[in-house]
Amino acid sequence: MKKKRSLISCIQEFKRDTILTPIFVIGEVAFDVFIPMMTGKLLDEGVKAGNMSRIFQYGILVVVMALMALLLGALSGRFAARASTGFSRNLRREMYRNVQKFSFANIDKFSTGGIITRLTTDVTNVQMAFMMIIRIAVRCPIMLICAWGLTFSINPKLALIFLIVIPVLAVGLLVIMKSAHPLFERVFKKYDWLNNVVQENLLGIRVVKSFVREDHEREKFGKVSNEIYMDFTKAEKILSFNMPLMQLCVYGCMLTVSWLGANLVVGGQLTTGQLTSMFSYIMMILMSLMMLSMVLVQIVLARASAERIVELLNEESDLKNGPDPVKEVKDGSVVFENVGFSYARDPEKECLKGVDLTIRSGETVGILGGTGTSKTTLVQLIPRLYDATEGRVLVGGVDVRDYDMEALREQVAMVLQKNVLFSGTIKENLRWGNKEATDEELVRACELAQADGFIREFPDQYDTHIEQGGSNVSGGQKQRLCIARALLKKPRILILDDSTSAVDTKTDALIRKAFREEIPDTTKFIIAQRISSIEDADQILVMDGGRVAAMGTHEELLGSCDIYREIYESQTKGGGEDEA
Amino acid sequence: MKPDHARPSVKKSQTIRRLLRYVGRGYAVKFVLVLICIMVSAIASVSAALFLGSLIDDYITPLLAMDNPVFDGLIHALILMGCLYLTGALCALAYNRLMVTISQGVQKKIRDDLFSHMQSLPIKYFDTHAHGDIMSIYTNDVDTLRQMLSQSIPQVINSMMMIVVALIGMLTTDLLLTGVVILCVAAMLGVTRFLAGRSGRHFVRQQVKLGDLNGYIEEMINGQKVVKVFCHEEEAQEGFDAVNDALFESADKANKYANILMPILINIGNIQYVIIAMAGGALALSGIGSGITLGVIATFLQLSKSLSNPISQISQQLNSVVMALAGAQRIFDLMDEPAEEDHGTVTLVNVAFDQDDKLYETKEHTNLWAWKVPQEDGSYKYTKLAGDVRFDHVDFAYEEGKTILHDISLFAKPGQKLAFVGATGAGKTTITNLINRFYDIADGKIHYDGISINDIKKTDLRRSLGIVLQDTNLFTGTVRENIRYGNLDATDEEVEAAAVLANADDFIRRLPQGYDTMLTGNGANLSQGQRQLIAIARAAVADPPVMILDEATSSIDTRTEAIVQRGMDSLMCGRTVFVIAHRLSTVRNSDAIMVLDHGRIVERGDHEDLIAQHGVYYQLYTGAFELE
């Protein structure tokens, strides 16, 4: 079991700033306590006594102290800013690093919205709390103790009154924090939900608008928005007891001190001057407590956020390298041994059952089957995007789970059905395949993928900017760019998951020809809807209901497999090629 | 950066005014109550403090003189003070709680208004803005308002009152010394202005960078599969680190300037104290300043403390205020995005025939629709919704100078099935974007049932069109809810009938909870083809007079497609259908096929005509030619 990661471990290089801040704060507080004493003396011994030289003496002293306090305060502020924003930067970085390791099951567990909230809103909350802790939460207790110490020096018995208040205050605060915490936990979960609603709306805005469902969406959003409002209001209302509670405690002390103090004064055990100072120290205590209550509010809020961050930091990917992973993929052979798979990891609900396959390195495998027959699921097991629930998948004679994941995926290029391009230029997108690729290599890959032609028609050619999700190139162009990107990896295994569906037959044929001639040693898996795309494959798998219904060459299957023949006939009736 | 950033101060005051308008709207009474409570609690604490001062002189000292001290007076005084304290605390509780409601209420209202406005923005906005950045406004930017509204505003108001009380006290004590104090306050304001300006600029950048970060995460997680397949984790991390570092840098600076303000102000206060003491002392002792006595200076020094304390308290709230203004600016920028323009006046209504076979409007669901066209004399003309679509020499460019469509003319009669084929990027999807007015073109170019589509209200126009798009988007919810999205009034039977029609019923029933299976993450665990089938069912349940199928069956195998097509054909019998596809099997049985190339119609006719022509379509069909 890996050691649990804590938030504190993310401070890292900002340890210095984190430690310096409270040190400077302590210096600042020292002056903050001394300066009022000096100004008091200035008033009493200088002004009230009409002594100009005293005024100057204390005046200069105060100015010097004030300048020192200013310097220390500014330094503590500066370091606090660096420590807290740096801390939050590290938190974000570490979280993102962990997210990179996530399997899709992990991502589904948190949802995109949940991950985003944790990396932004939650971190901001923790950052604020952290800054308050190293500054104000250091400052206030010191002020408090100093002030209390001073009351103690005046009259220890009176000072003891504060000890009675502490348990009252502690219990009160505990109750407040305990009851607010679960509400905040709920609030941030709703933030995830809000993020998801907005994201879905943004992604599906064309659907929303074409079905004229704006009002429906508004209602949906209004519901989340309202729930956040309700929970947050409730939580903050509980927290609003904080300040009055502290005020009441301090005021209670004040009254008690007044009463007892008056008796002491009458009894001659205390002077009126001492009582006055006592009052001003109590005011100091009150001020510190009020500031602390503000910190406390932020801490309660941040606690829920911190827990959510830790949860993400400690989430272990369910796809991990085994001990001593194999770093090299020997060849492009692929073997499936009685493989079963279920997204829910439930053997009862397998969507892939009892698959046995042996594919030699360099072969071309066509995969055909109806909608929802688990074609995509089957090929996703090869680069280990998911782990088989049953049986095992071998690449180059080694179980995929024994490979170093990166080494395996480096050798298995997959062009996904849902192609994604990222915002950036065409070149940048292509270099995903191989970041060291020269311009010549890029052009070569694009020629093979039949993408060079249309790229050259763009005014900026290979430097054309692609919008988020590739919304400014058409479906077929996107597919060809994605194929080129995959080719640049020079993989041992290439998987095309229905990746030429938007490409016309002639181009499709040219791409396949390029595959045959240029990368003959690469094992190729081609999922397709049209038979023409796969009929010259070495082996063709016909999928049906999560099983391999038949396997063989085009000719063999025409003779033996009813499903295959039916598809073939449906696509060829009328003669000639059916698709373009 | 927008040009109006050049005048930030104007913008800032506008931002504040707009925020206040939100508080005023709906919370005016509560806000006045808050003000009263703050005032009462301030008065209570001020008078309690004053009372405390007199406690010793007026109550305790006299006791000393008595032989047999009577504590009654003191007890009364303490009880009175207790009452003051209690009032103060209760008022504090009251205004804090009220402020929570106001602050959260305003945030909710702003969120709702943001979303509501966003729904009315043109498609172009969504195509050109990073989604994550927009999402950040709803959470991170709205969040900045929370602290400002619930903590800073009460604190600032409270402190302001203290300042006013102190200033009045000063003015009535001595004008000359007040002048000195005002000079110091001016210095404090100068420093505040400078630092707040600095810090504000960086807070604005911080919020922008936070939006960038949000955008980056959103885009990368959406493409996580690609990241994995290409082992691009490290590069993704590098990209993230770059944005993250930029955020760190601006956040660090913003907080730094905000943090050093408080120590500066507190100590200017201390120095001011010394200056007053020295100046006052010198004046009093030299006898130049007439009327300044040592007693006056002593009082004045106390007052100057009660002036600089609240000022430094305000300064503590500064960073949350400045940050909130930065957030609010981004919020209002989104709210100021111009909404989709719609000057359409023609609406879609349910109609029925009266005895004379004339159309009349009715509220009942008659399944018969008509366009309600306002006439110049104020009356209405009803035109039956038929689905007749005409393009008249349409040219179109998304960006000026880059014409996508050239001189497109076409007509679709009700009941016809029209197909567009052509290479990717030939402008097929653009045509559908124009029919449902995702993008607008010059008036009078496209007619729908004889009415220029620019005259039809957008919502009514879109309601009459069913569209299945290239990219399927499903929403979080059950399968049933997703299909019902097409027609919110559809019964369960209608939903299931639509699914049967789309050939989706079969696989839906095999899902763990059938129609009640929850879909999340855009239907993550369904295959691409299955998602398309659900999208088709969704359009079918809407039962529209005109249907646009844009590559609606591209991920569906050909056998299933044939079944779906038969279903759709029977549903759309007598209605207009536009089909866009690569697969010629999808378009073969259309009444008219338009072959598009580089935004021009190069051939048109039905399948047999086009084959006989031996032109582009023929070559496409025989696989001998590529359209590029």
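Residues numbered from 1 in each chain as written. Chains lettered and ligands numbered in written order. Predicted model: local features only at pLDDT ≥ 70, side-chain atom pairs only at ≥ 80, totals over all residues.

J.: Describe the overall build of chain A, with residues and values.
T.: Per the secondary structure count, chain A includes 19 helices and 12 strands. Its C-alpha radius of gyration of 35 Å places chain A more than 25% over the 25 Å reference for a compact globule of 580 residues. Overall, the C-alpha framework of chain A stretches about 120 × 55 × 50 Å when taken along its three principal axes. Out of the 580 residues belonging to chain A, those deemed buried represent 53%. For chain A, contacts bridging at least 24 residues in sequence account for 78% of all contacts bridging at least 6. (Helix = DSSP H or I, 4+ residues; strand = E, 2+ residues; numbered from the N terminus. Rg over C-alpha atoms; globule rule 2.2 N^0.38 Å. Buried ≥ 20, exposed ≤ 12 C-beta atoms within 10 Å, placed from the backbone. Contact = placed C-beta atoms within 7 Å.)

J.: An account of the overall build of chain B is requested, with residue identities and associated values reported.
T.: What chain B contains, in helices and strands, is 18 helices and 16 strands. On C-alpha atoms alone, chain B measures out to a radius of gyration of 36 Å, which is more than a quarter above the 25 Å that the 2.2 N^0.38 rule sets for 628 residues. Within chain B, buried positions represent 50% of all 628 residues. Taking all contacts inside chain B whose residues are at least 6 apart in sequence as the whole, residues at least 24 apart take part in 74%.

J.: Could you give me a rundown of the confidence of the model for chain B, with the residues and numbers involved?
T.: Residues and elements named next belong to chain B. Confidence along chain B averages 82 in pLDDT terms, with 95% of residues attaining 70 or more. In this model residues 1–7 is a low-confidence stretch, pLDDT under 50, and it forms 1 contact with partners more than four residues away in sequence or in other chains. This model gives residues 624–628 a pLDDT under 50, and the stretch forms 19 contacts once residues within four places in sequence are excluded. Note on the complex model: pTM 0.83, ipTM 0.83. (pLDDT = per-residue confidence, 0-100.)

J.: Tell me what's going on with the sheet that holds strand E5 (residues 389–397) of chain B, and back it up with residues and numbers.
T.: Residues and elements named next belong to chain B. Taken in spatial order, the 4 strands make up an open sheet running E6-E5-E8-E9, and their pairing is antiparallel. With one partner strand each, in any of the chains shown, strand E6 (403–412) and strand E9 (451–452) form the two edges of the open sheet. When strand E8 (residues 446–448) meets E9, the two strands line up antiparallel, connected through 2 bridges. The partner of Tyr-448 across the bridge, within E9, is Ile-451. (Pairing = 2+ DSSP bridges.)

J.: Any details on the environment of Ile-467 of chain B? Residues and values, ideally.
T.: Counting through the fold element by element, Ile-467 of chain B comes out in strand E10 (residues 465–468). For Ile-467 of chain B and Ile-611 of chain B, which are 144 residues apart along the polypeptide, the C-alpha to C-alpha distance reads 29 Å. With residues near it in sequence (within four places) discarded, Ile-467 of chain B still touches Ser-210 of chain A together with Thr-432, Asn-436, Ala-539 and Ile-548 of chain B.

J.: Could you give me a rundown of the packing of helix H1 (residues 15–47) of chain A against helix H7 (residues 233–286) of chain B, with the residues and numbers involved?
T.: Contact pair H1 of chain A / H7 of chain B: the axes reach a minimum separation of 12 Å and the direction vectors enclose 15°. Between H1 of chain A and H7 of chain B, the angle falls in the class roughly parallel. In this structure, the crossing between H1 of chain A and H7 of chain B has a hand that is left-handed. Mapping the contact onto sequence places Glu-28, Ile-35, Thr-39, Leu-42, Gly-46 and Val-47 of chain A in H1 of chain A and Pro-263, Asn-270, Tyr-273, Ala-277 and Gly-281 of chain B in H7 of chain B. (Axes fitted to C-alpha atoms, helices over the stretch in contact; angles between N-to-C directions. Parallel < 35°, antiparallel > 145°, perpendicular 65-115°, else oblique. Left-handed = near helix turned anticlockwise from the far one by under 90°.)

J.: I'd like to hear about the pairing of strand E7 (residues 417–422) of chain B, residue by residue, with values.
T.: All names here are of chain B. Along E7, 6 of the 6 residues are buried, which leaves the element largely enclosed by surrounding structure. A two-sided burial pattern is seen for E7, the buried positions comprising Lys-417, Ala-419 and Val-421 on one face and Leu-418, Phe-420 and Gly-422 on the other. Where E7 and strand E15 (residues 592–597) come together, 5 bridges link them in parallel fashion. Residue Leu-418 lies in a different strand from E15, and its bridge partner there is Ala-592.

J.: Can you break down the nonpolar core residue by residue, with the values?
T.: Core analysis: the largest hydrophobic core is formed by 276 residues, its most contacted members being Ala-484 and Ile-495 of chain A together with Ala-277 of chain B. Here this core takes 22 residues from helix H10 (residues 272–314) of chain A, the largest share from any one element. In this structure, Val-394, Leu-434, Val-541 and Leu-620 of chain B belong to the second largest nonpolar core, which totals 83 residues. (Core = buried A, V, L, I, M, F, W, Y, C linked by C-beta atoms within 7 Å.)

J.: Could you give me a rundown of the interface of chain B and chain A, with the residues and numbers involved?
T.: Listed per partner, the contact involves 145 residues of chain B and 143 residues of chain A. The element contributing the most residues to the side of chain B that touches chain A is H7 of chain B, with 28 residues. Residue composition of the side of chain B that touches chain A, grouped by class: 70 nonpolar, 51 polar and 24 charged. (Nonpolar A, V, L, I, M, F, W, Y, C, P; charged D, E, K, R; others polar.)

J.: Residue-level account of the sheet that holds strand E5 (residues 398–399) of chain A, with values.
T.: Residues and elements named next belong to chain A. Pairing is antiparallel across the open sheet formed by 4 strands, whose spatial order is E2-E1-E4-E5. Here the strands that pair on one side only, and so sit at the sheet edges, are strand E2 (352–359) and E5. With 2 bridges connecting them, strand E4 (residues 390–395) and E5 associate as antiparallel partners. Bridging across to E5, Val-395 finds its partner in Val-398.

J.: Provide a residue-level description of the confidence of the model for chain A, including the pertinent values.
T.: All names here are of chain A. Counting all residues, the mean pLDDT for chain A is 82, and 97% of those residues have values of 70 or more. Within chain A, helix H19 (residues 562–572) has the poorest average pLDDT of any element, 76, and helix H8 (residues 214–239) the best, 90. Every residue in residues 574–580 is under pLDDT 50, and counting partners more than four places away or in other chains gives 25 contacts.

J.: Quick rundown of the environment of Asp-543 of chain B? Include the residues and the values.
T.: Within the secondary structure layout, Asp-543 of chain B lies in the loop between helix H14 (528–542) and strand E13 (546–550). For the pair formed by Asp-543 of chain B and Met-572 of chain B, sequence separation is 29 residues and the distance between their alpha carbons is 8.4 Å.

J.: Go over the pairing of E6 of chain B, please, and point to the residues and values.
T.: Residues and elements named next belong to chain B. Bridge count for E5 against E6 is 6 bridges, and the pairing is antiparallel. Bridge pairing in E6 places Phe-391 opposite Leu-410. Linking E5 back to E6 in an antiparallel pair, the connection comprises 5 residues, with Gly-401 at a positive phi of about 90°.

J.: Provide a residue-level description of unusual backbone geometry, including the pertinent values.
T.: Residue and element names in this part refer to chain B. Look at Asp-449: it is not a glycine, yet its phi comes out positive at around 50°. On the secondary structure map, Asp-449 appears in the loop between E8 and E9. Given 22 C-beta atoms within a 10 Å radius, Asp-449 is considered buried. One non-glycine residue, Asp-543, adopts positive backbone phi at about 55°.

J.: Tell me about the packing of helix H9 (residues 242–266) of chain A against helix H2 (residues 72–119) of chain B, and name the residues and values.
T.: Viewed as axis vectors pointing N to C, H9 of chain A and H2 of chain B meet at an angle of 170°, and their least axial separation amounts to 9 Å. Classed by the angle they form, the pair H9 of chain A and H2 of chain B counts as roughly antiparallel. Residues Met-243, Pro-244, Gln-247, Leu-248, Tyr-251, Leu-255, Ser-258, Trp-259 and Ala-262 of chain A of H9 of chain A lie in contact with H2 of chain B, whose contacting residues are Leu-74, Leu-78, Met-81, Gly-82, Tyr-85, Gly-88, Ala-89, Ala-92, Leu-93 and Asn-96 of chain B. Taken together, the residues of the contact of H9 of chain A with H2 of chain B break down into 14 nonpolar, 5 polar and no charged.

J.: Describe the environment of Ser-333 of chain A, and please don't skip the residues or the numbers.
T.: Residues and elements named next belong to chain A. Inspection of the secondary structure puts Ser-333 in the loop between H10 and strand E1 (334–341). Using a count of 19 C-beta atoms within 10 Å as the deciding quantity, one classes Ser-333 as partly exposed. Not counting chain neighbours up to four residues away, the residues in contact with Ser-333 comprise Ile-359, Arg-360, Ser-361, Gly-396 and Gly-397.

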